[in-house]
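# Chains, contacts and geometry: an overview
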Amino acid sequence: MAGRLPTRSEYLDAAQEMAATGHPTLARLLAEEAADRTDDPAEAARILREFSGRSLRREG
């Protein structure tokens, strides 16, 4: 991926892989990145529901 940012789809794929391999916190963080790259608020909310858990992001 050198030279470009990952796409929403790539973040989702990585989140699903992390969830499947027992890394739910990393999966949630990747899902949050995917949701951030989604223009549709309903789709962003669906992504975050799929990867439940509390955000570990620092605000501010």
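Everything discussed here concerns the structure shown above.
This text gives an overview of the structure that appears in the document. Sequence order sets the numbering: in each chain, residues are counted from 1 along the sequence as written. Local features in a predicted model are, by the rule used here, given only for residues with pLDDT of at least 70; side-chain atom pairs are given and counted only at 80 or more, and totals for whole chains, interfaces and linings are based on all residues. Side-chain metrics rest on all non-hydrogen atoms present in the structure, leaving aside hydrogens and water.

## Section: the overall build of the protein chain
Along the backbone of the protein chain there are three helices and zero strands. Here the protein chain has a C-alpha radius of gyration of 11 Å; the compact-globule value for 60 residues is 10 Å, and the two agree. Seen along its three principal axes, the alpha-carbon backbone of the protein chain occupies a region of about 30 × 25 × 25 Å. Two residues form a contact once any of their heavy atoms are found within 4.5 Å. Excluding contacts between residues fewer than 6 apart, the proportion of contacts in the protein chain whose partners are at least 24 apart in sequence is 44%. About 4300 Å² of surface is accessible on the protein chain, with carbon and sulfur atoms providing 53% of the total. Neither His nor the chain termini are counted; the positive set is Lys and Arg, and the negative set is Asp and Glu. For this purpose, a charge sits on NZ of Lys, CZ of Arg, CG of Asp or CD of Glu. When the 9 positive and 11 negative side-chain charges of the protein chain are each reduced to one mean point, those points stand 4 Å apart. In DSSP terms, a helix is any run of H or I states spanning at least four residues, a strand is any run of E spanning at least two, and both are numbered starting from the N terminus. Each radius of gyration is computed over the set of C-alpha atoms, and the globule rule expresses the reference value as 2.2 Å times the number of residues to the power 0.38. Note that accessible areas follow from Shrake-Rupley with a 1.4 Å probe, and for residues the cover is restricted to the protein chains shown.

## Notes on the nonpolar core
Nonpolar cores are built from buried Ala, Val, Leu, Ile, Met, Phe, Trp, Tyr and Cys residues. Side-chain atoms within 4.5 Å join them into one set. Summary of the burial criterion: residues with accessible area below 20% of their type's maximum are buried, those above 50% are exposed, and those between are partly exposed, where the area comes from a 1.4 Å probe applied to protein chains only. Residues Tyr11, Leu12, Ala15, Met18, Ala27, Leu30, Ala31, Ala34, Ala35, Ala44, Ile47 and Phe51 constitute the largest nonpolar core, which totals 12 residues. Listed by contribution, the elements that provide at least two residues to this core are helix H1 (8-20), helix H2 (24-36) and helix H3 (41-50). For this core, the leading source of residues is H2, giving five residues. Excluding its chain neighbours within four sequence positions, the residues that come into contact with Ile47 are Arg8, Leu12, Ala31, Ala34, Ala35 and Thr38.

## Regarding the pattern of salt bridges
One speaks of a salt bridge when a side-chain nitrogen belonging to Lys or Arg is within 4 Å of a carboxyl oxygen belonging to Asp or Glu. A full pass over the atoms with the stated rule returns six salt bridges. Measuring nitrogen to oxygen at the nearest pair gives 3.7 Å for the salt bridge that ties Arg8 to Glu43. Residue Arg8 is found in helix H1, and its partner Glu43 is found in helix H3; the two are separated by 35 residues along the sequence. Judged by relative accessible area, which is 31%, Arg8 ranks as partly exposed.

## Considering the packing of H1 against H2
Contact geometry of H1 with H2 gives a least axis separation of 8 Å together with a crossing angle of 165°. With respect to H2, the element H1 is oriented roughly antiparallel. Considering only the axes of H1 and H2, their crossing is left-handed. Contacts between H1 and H2 pair Arg8, Tyr11, Leu12, Ala14, Ala15, Met18 and Ala19 from the former with Pro24, Leu26, Ala27, Leu30, Ala31, Glu33 and Ala34 from the latter. Each axis is a line fitted through C-alpha atoms, and for a helix only the stretch in contact is used; angles between axes span 0 to 180 degrees, taken between their N-to-C directions. When an angle is under 35 degrees it counts as roughly parallel; over 145 it counts as roughly antiparallel; between 65 and 115 it counts as roughly perpendicular; any other value is oblique. Left-handed is the label given to a crossing in which the near helix is rotated counterclockwise from the far helix by less than a right angle, and right-handed is the label when the rotation is clockwise.

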